[in-house]
Protein chains: 2
Amino acid sequence: MSSDRLIYLPLGGAGEVGMNAYVYGYGPPGEERLILVDLGVTFPDMDGAPGVDLIFPDIAWLEERRDRLEAIVITHAHEDHVGALGHLWSRLRAPVLCRPFTAIHARRKLDEAGQDERVVEICQPWPEMRRLGPFDIAFLPVSHSIPETSAIVIDTPSGRVVHSADFKIDLTPVVGEPFDRALWEEVAKPGVRALICDSTNVFSPEPGRSEASIAPEITKFVAAQEGMVIATTFASNVARVKSLAMAGEAAGRSVCLLGRAMRRMIEAAVEAGVLTDFPKVVSAEEAADIPRENLMLLVTGSQGERRAASAQLSRGKYLGLTAEEGDTFLFSSKTIPGNERGVLNVVNAYSELGVDVQDDAGGRYHVSGHANRPDLEEIHAIVNPAMVIPMHGEHRMLREHMKLAEENDRPSIVAVNGTMVDLSGNRPTVTDHIEAGRIYLDGTVQIGAMDGVIRDRLRMARDGHVTVTLIIDEDGTALGEPWCDTIGLPETGSSRAPLVEVIEEDLSQFVGRAKRKTLGDDETLEEELRRIVRKTSDTEIGKKPQVTVVISRLS
Amino acid sequence: MSSDRLIYLPLGGAGEVGMNAYVYGYGPPGEERLILVDLGVTFPDMDGAPGVDLIFPDIAWLEERRDRLEAIVITHAHEDHVGALGHLWSRLRAPVLCRPFTAIHARRKLDEAGQDERVVEICQPWPEMRRLGPFDIAFLPVSHSIPETSAIVIDTPSGRVVHSADFKIDLTPVVGEPFDRALWEEVAKPGVRALICDSTNVFSPEPGRSEASIAPEITKFVAAQEGMVIATTFASNVARVKSLAMAGEAAGRSVCLLGRAMRRMIEAAVEAGVLTDFPKVVSAEEAADIPRENLMLLVTGSQGERRAASAQLSRGKYLGLTAEEGDTFLFSSKTIPGNERGVLNVVNAYSELGVDVQDDAGGRYHVSGHANRPDLEEIHAIVNPAMVIPMHGEHRMLREHMKLAEENDRPSIVAVNGTMVDLSGNRPTVTDHIEAGRIYLDGTVQIGAMDGVIRDRLRMARDGHVTVTLIIDEDGTALGEPWCDTIGLPETGSSRAPLVEVIEEDLSQFVGRAKRKTLGDDETLEEELRRIVRKTSDTEIGKKPQVTVVISRLS
């Protein structure tokens, strides 16, 4: 019994914003019973992972121990918390626990992946507790930017742990439960061993603002517009979509939802009973017949995604609707770092159409769903834990959050993905480092981030590709000359002759001079041909391309 | 005479931030004598132009008319104004006019490109005028973030034009000439037909702040640090580098410049006589022997560039120096849109080393070099032109700047790259659209942005590449089976067998069944083999790769 320990092991989300996945364990070392909190995705970019569709945490460690996994607990329905569930569930096969609104999304994800959605079990919020091996867990409602977000209370023989999930302190969240200080104080009362806490906004020095604070600004803005109003926000921010829709209705406009995610989220929120009094909406077909000054479109694509409704509309027509001079586009959202170019492309496309674009005006039309620095201090004070483990954030955020906790004499630690932390003692202690990487969903296949596929693609993207083919006769001599095909390379280089011909000439000279032994050894021959292609290309065009050599031997 | 006209034609910089290149012409339509103001570059990114080194404006239109080109006038030494000079000068072969500090950079660029640097002619500032065909031009000093920036006064038989260049209104710029209102009023006095004006900061609502205003903040910050201080800014911002160095000196620290651009810029500024009283610097070797609390490093890489000193130091050692826990890194710069991920990567790398990172703190440690909205209004008022043409900026900026001008009853227009505008009348009038694109420097070769090379590379980056080889015998039948090689694709797909084998199997079946006629026709055969590779890959891995088919016919 005395050798039992309580461990925390982030597999994703610690050292980055995205793909949240946190393991908790309790039991004798190496035999802990486990739960997994969240199983999210990260979105790839051209710089790091071209052609990749989604990025998942590497769950190999957990998969090997899945006989010890009691459950997968989902805190809320954001993609970076639930997005990998459908893709990875079959490797873990544990029950999935969440609240009703989140369950709608979790079930759809399982269903789309061909899994049995019945593994999702709906839980009611605190004080309902759920026994999971050595753990008792409860869903503790907390405000965020999507309905029914919950912190997870994890009771263990070593004491109580509170996993904050993504959260803010919002007393008037428009949709869903306000932050309930009394409830949190009740949870904190028996004493909390560790608070594992959202870090994403630790660098924001001002107290967070309520979702309700921007509705009047949005209403005023929409009322002041003369042409059609198009507004975008994160589709999952149901409260915001409602505020926008009500602003439209108040201005005498018909509201039309464009983009699958937008319609899905509103439908799910109505179905789960968390959204009521949403204005009546019109279809795109109906919208096309409504005078534009009486119309408000709520569209997906706040991050400039090329295929989202906002981008499509900016390029011309979308479902029979057009944006025109005199219309206004409102970003009721902020741009996530890395998406700036995409967003600005959309803004400039609207500018070319003569559409005025309004950004969030420094927060007038958008508030964050995460706890700012003073709110983090407040939650530390309310929960009053013996230690604080910064969770969900880039390294700089985790480190700053650790310093904040230590300023108030709470032991803390920076634990990035793969760091196993023992929470049983007086302060957090690193007990192990496990392999924690990224898995790419590439088309329909899951590949390891480090297994070379993407590295090769990045090389072809930078340096182009050359195919060399050579046929070796039955008697071991070259049959004809080597051939060469290029992709992604200029046609001519410094010598002004076609690049292909210059390379083929150098290859032919080599083959003509090559010894029988060289021609007989595939490996040497391939290496030599590759070397010549790269050298000649470098001279001609200043680049060393990727090379595929195909040697065909007649026999 | 009455048919002569005055034209303005941006080839780069209008509809984007970067690669500035503006043509002015005067004379009978189609026979105007021309000058080119600036010849800059844009920096590529992985999303749009992987592997590309630099982006230039397409100067084909101007090259075809180079017998009419009187001169290339360079306003200042920023890369987006002078960076393409070395690469493109040989296609234009006109005299290059600029002031002494700019000339040092222009000459180096020509020299590095193997051109004769003596084509650069140094001009003295206003009131010195220079006759260029029908034009008289003068360099009118203006404040910006690099020394000796000059607006260009262009006198023509149709009246005076003022090309603002990049500028701000700074009365205390630390290094270089303060904004001289009296001088600008003198220029404006005879009446100005058109102001062609920098638009990049039109969305910044506050009046711009002086370069001198941040020096005390920087000094205070550096004095408060205990470990080594590392600071970065744009190397070309000589005034800032001086402020940083003086803050280091005031704190009793030895100053060390790291990164070629940083050293080059300071040397050029001293050589041109625009920089005086720069603190004594130590070499990296000397710095290694100085206690870290007495050391301040000024490093290149404010935009997170992977090879710059800031990034190298964040990854470990650089020239024998290391960053350690207790040190501080200061960004005396802002992040240019699109560079956010790179900058954050550097920040997080320092965080991992235990180094505290300070950003510009919302402007406390950085000011922009461009005129904000109120400053634009002020320059409009001082110059009092009959029309305002917004220049240098994304479409949304040009449009906003046009609206600003029109609010004050000055005729204006949005003229993006390739739009020829007649400035001779009462208001700007579009007279022509010419082909104005981008040229990529790819390795050592210049390629057109639209000619397919980059498109193919982006496709390979997203979808990988497959090579298929098939040998056809003398009698027109397949010799052996088709072969297949892949790059940038997963090894196995949905059927769990090696992807290469599954594709080869499908190709073999096709070849086995194929009619003699099909096997005899290269084009059909190639198309069919490609189709099969893409279809099978799509089934197996959910991707349609790029395919090279090589058919070898024995004869």
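Residues numbered from 1 in each chain as written. Chains lettered and ligands numbered in written order. Predicted model: local features only at pLDDT ≥ 70, side-chain atom pairs only at ≥ 80, totals over all residues. Heavy atoms only, no water.

**A few points about the overall build of chain A**
Our working rule: Labels follow the DSSP assignment, with helices taken as runs of H or I lasting at least four residues and strands as runs of E lasting at least two, numbered in each case from the N terminus. Per-residue accessibility, obtained with a 1.4 Å probe over protein chains only, is compared with the maximum for each type, and a residue is labelled buried under 20%, exposed over 50%, and partly exposed between these values. Here, two residues are considered to be in contact whenever any of their heavy atoms come within 4.5 Å of each other. For the area figures, the Shrake-Rupley method with a 1.4 Å probe applies, and any residue is considered shielded solely by the protein chains shown.
Looking only at helices and strands, chain A features 17 helices and 29 strands. Taking the principal axes of the C-alpha coordinates as reference, chain A spans close to 85 × 75 × 45 Å. The buried share of chain A, reckoned over its 555 residues, is 60%. For chain A, restricting intrachain contacts to residue pairs at least 6 apart in sequence, the fraction spanning at least 24 positions comes to 70%. In the structure as shown, chain A presents an accessible area of about 21,600 Å², 46% of it carried by carbon and sulfur atoms.

**Considering the packing of aromatic side chains**
All names here are of chain A. Using the following cut-off: To pair, rings of Phe, Tyr and Trp, with the six-membered ring standing in for Trp, must have centres within 6.5 Å; the planes then decide the type, stacked if under 30 degrees apart, edge-to-face if over 60, and tilted in the middle.
Summed over all chains, the structure comprises 12 aromatic pairs over all chains. Each ring, one from Y8 and one from Y22, has its centre 6.3 Å from the other, and the planes form 10°; the classification is stacked. Taken together, the positions of Y8 in strand β1 (residues 5-12) and Y22 in strand β3 (residues 21-27) put the pair 14 residues apart, joining distant regions of the chain. Among the residues examined, Y22 registers a relative accessible area of 0% and is labelled buried.

**Side note on the relation of the copies chain A and chain B**
Note the cut-off: Least-squares superposition of the copies uses the C-alpha atoms of those residues scoring a pLDDT of at least 70 in each of them.
Expressed as a screw transformation, the operator carrying chain A onto chain B has a rotation angle of 180° and an axial translation of 0.1 Å, and the superposed copies differ by an RMSD of 0.1 Å. As the rotation angle and translation indicate, the two copies are arranged about a two-fold axis. Looking at the rotation axis and the C-alpha trace of chain A, the residue lying nearest is A461(A), at 2.6 Å. The overlap is high: 100% of the interface residues of chain A also sit at the interface in chain B, so the same surface is used on both sides.

**Concerning the interface of chain A and chain B**
When the parts of a complex come together, some accessible area is lost, and that lost area is often taken as the interface size. Quick reminder of the rule: Counted as a polar contact is a pair of N or O atoms within 3.5 Å, where, for protein atoms, one must be capable of donating a hydrogen and the other of accepting one, and residues adjacent in sequence contribute only when both atoms are in side chains.
At the junction of the two partners, chain A supplies 58 residues and chain B supplies 58 residues. Our count for the contact surface shared by chain A and chain B stands at 31 residue pairs in polar contact (both at pLDDT 80 or more). Taken together, the elements giving at least two residues each to the side of chain A that touches chain B come down to α11 (340-353), α13 (395-407), β26 (445-448), α14 (453-463), β27 (465-472), β28 (478-487), α17 (522-541) and β29 (546-553) of chain A. The dominant element in the side of chain A that touches chain B, judged by the number of residues it contributes, is α14(A), at eight residues.

**Details of the nonpolar core**
Stated formally: Put simply, a nonpolar core is a bunch of buried Ala, Val, Leu, Ile, Met, Phe, Trp, Tyr and Cys residues held in one set by side-chain atoms that sit within 4.5 Å of each other.
Counting 68 residues, the largest nonpolar core has L529(A) and L529(B) as the members making the most contacts within it. With near-sequence residues (within four places) excluded, L529(B) lies in contact with V468(B), L470(B), L507(B), F510(B), V511(B) and V549(B).

**Examining the pattern of salt bridges**
Think of it this way: side chains of opposite charge can pair up when their charged atoms draw near. Residues and elements named next belong to chain B. Note the threshold: The term salt bridge refers to a side-chain nitrogen of Lys or Arg lying within 4 Å of a carboxyl oxygen of Asp or Glu.
Enumeration according to the criterion identifies 69 salt bridges over all chains in this entry. Among the ionic pairs, D442 bridges to R457, the shortest N-O distance being 2.4 Å. Placement of D442 in strand β25 (residues 438-442) and of R457 in helix α14 (residues 453-463) is noted, with a sequence separation of 15 residues between them. Residue R531 pairs with E528 through a salt bridge whose shortest N-O separation is 2.9 Å. Of this pair, R531 and E528 both sit in helix α17 (residues 522-541), separated by three residues, roughly a single helical turn. Under the relative-accessibility criterion, R531 is labelled partly exposed at 42%. Overall, E528 belongs to the partly exposed group, its relative accessible area being 22%.

**Examining the environment of S494(A)**
All names here are of chain A. Its place among the elements puts S494 in the loop between β28 and α15 (499-513). Considered as a pair, S494 and T539 are 45 residues apart in the sequence and their alpha carbons are 7.6 Å apart. Among all residues touching S494, those that are not within four sequence positions of it are T539 and E540. Here the side chain of S494 touches T539 through a polar contact of 3.3 Å, landing on its backbone oxygen.

**Notes on the state of the cysteines**
Applicable threshold: Any two cysteine sulfur atoms within 2.5 Å of one another count as a disulfide.
Tallied over the full model, the rule gives zero disulfides over all chains. Note on C123(B): no disulfide assigned, nearest cysteine sulfur contributed by C98(B) at a separation of 7.4 Å.

**Some remarks on the packing of helix α3 (residues 85-92) of chain A against helix α4 (residues 100-112) of chain A**
All names here are of chain A. Where we set the bar: In this analysis, axes come from line fits to C-alpha atoms, helices being fitted only over the stretch in contact, and the angle between any two N-to-C directions falls in the range 0 to 180 degrees. Note on terminology: angles under 35 degrees are roughly parallel, angles over 145 are roughly antiparallel, angles of 65 to 115 are roughly perpendicular, and the others are oblique. When residue character is reported, Ala, Val, Leu, Ile, Met, Phe, Trp, Tyr, Cys and Pro are called nonpolar, Asp, Glu, Lys and Arg charged, and the others, Gly included, polar.
It is at 8 Å that the axes of α3 and α4 come closest, and there the two elements cross at 75°. Our classification of the angle between α3 and α4 gives roughly perpendicular. On α4, the residues touching L85, G86 and W89 of α3 are A106, K109 and L110. Its residues placed into classes, the contact of α3 with α4 shows four nonpolar, one polar and one charged.

**Brief notes about helix α7 (residues 238-250) of chain A**
Residues and elements named next belong to chain A. Which entries qualify depends on this criterion: One less than the residue count of a helix, multiplied by 1.5 Å, gives the span that helix is expected to have.
In this model α7 runs 18 Å from its N-terminal to its C-terminal C-alpha over 13 residues, within 8% of the 18 Å that 1.5 Å per residue would give. Of all the 13 residues making up α7, 10 are buried; the element is thus mostly covered by neighbouring parts of the structure. Where α7 is concerned, the buried positions are V238, A239, R240, V241, K242, S243, L244, A245, A247 and G248. Immediately beyond the C-terminal end of α7, within one or two residues, lies G252, with a positive phi of roughly 75°.

**Some thoughts on the sheet that holds strand β8 (residues 120-122) of chain A**
Paired through backbone hydrogen bonds, the strands of a sheet run either parallel or antiparallel to each other. All names here are of chain A. Quick reminder of the rule: Strand pairing follows a simple DSSP-based rule, namely that at least 2 bridges must link the two strands.
With mixed pairing, the eight strands of this open sheet are ordered in space as β8-β7-β6-β4-β3-β1-β23-β24. With partners counted over all chains shown, the strands left at the sheet margins are β8 and β24 (429-433), one partner each. Across the sheet, the mean angle from the axis of one strand to that of its neighbour is 25°, orientation sign disregarded. Here strand β6 (residues 69-73) runs beside strand β7 (residues 96-98); their pairing, made up of two bridges, is parallel. Looking at the pairing, I72 lines up with V96 of β7. Lying on the sheet, α3 is in contact with β4 (33-37), β6 and β7; it crosses β6 at an angle near 170°.

**A look at the domain arrangement of chain A**
The test is simple: Start and end positions for the domains come from either an automated domain assignment or a database one.
Domain boundaries assigned for chain A yield domain 1 (5-206 + 368-448), domain 2 (211-363) and domain 3 (464-553). Inter-centroid distance (C-alpha atoms) of domain 1 of chain A to domain 3 of chain A is 53 Å.

**A few points about the sheet that holds strand β26 (residues 445-448) of chain B**
Residues and elements named next belong to chain B. Strands sit in the order β5-β25-β26 across an open sheet of three strands; the sheet is antiparallel. At either margin of the open sheet sits one strand with a lone partner, and together these are β5 (54-57) and β26. Recorded for the sheet is a direction-independent mean angle of 35° between the axes of neighbouring strands. Alignment of β5 against β25, held across four bridges, turns out to be antiparallel. Looking across to β25, one finds that I55 is bridged to Y440.

**Some remarks on the confidence of the model for chain A**
Our working definition: Across the chain, each position has a pLDDT score giving the predictor's confidence in that residue, from 0 to 100.
Considering every residue of chain A, the mean pLDDT works out to 96; 100% of them sit at 70 or more. Scoring of the predicted complex yields 0.95 for pTM and 0.94 for ipTM.

**So, helix α4 (residues 100-112) of chain B**
Residue and element names in this part refer to chain B. Taking 1.5 Å of rise per residue, 13 residues should cover 18 Å, and α4 covers 18 Å from first to last C-alpha, within 8% of that figure. For α4, the set of buried residues is F101, T102, A103, I104, H105, A106, K109 and L110. Where α4 is buried, its residues touch α2 (79-82), α3 (85-88), β7 (96-98), β8 (120-122), α7 (238-250) and α8 (260-271). Of the residues trailing α4, G114 is marked for its positive phi of about 75°.

**Quick look at the pairing of β3(A)**
Residues and elements named next belong to chain A. Taken across its seven residues, β3 has seven buried, putting it largely inside the fold. Where burial is concerned, the two faces of β3 agree: the one with A21, V23, G25 and G27 and the one with Y22, Y24 and Y26 are both buried. Sheet topology places β3 next to β4; five bridges connect them, and they run antiparallel. Looking across to β4, one finds that V23 is bridged to L36. Counting the residues between successive antiparallel strands, the hairpin from β3 to β4 contains five residues, one of them, G30, with a positive phi of roughly 80°.

**Quick notes on unusual backbone geometry**
Residues and elements named next belong to chain A. The peptide bond linking W126 to P127 adopts the cis configuration, its omega dihedral lying at 15°. Mapped onto the fold, P127 is located in the loop between β8 and β9 (130-132). Even without a glycine there, the phi angle at D38 is positive, about 75°. The topology assignment puts D38 in the loop between β4 and β5 (54-57). Classification of D38 as buried rests on a relative accessible area of 0%. Here the phi dihedral of D277 falls at roughly 60°; this positive angle occurs in a residue that is not glycine. Inspection of the secondary structure puts D277 in the loop between α8 (260-271) and α9 (284-287). Given the relative accessible area of 65%, D277 is considered exposed.

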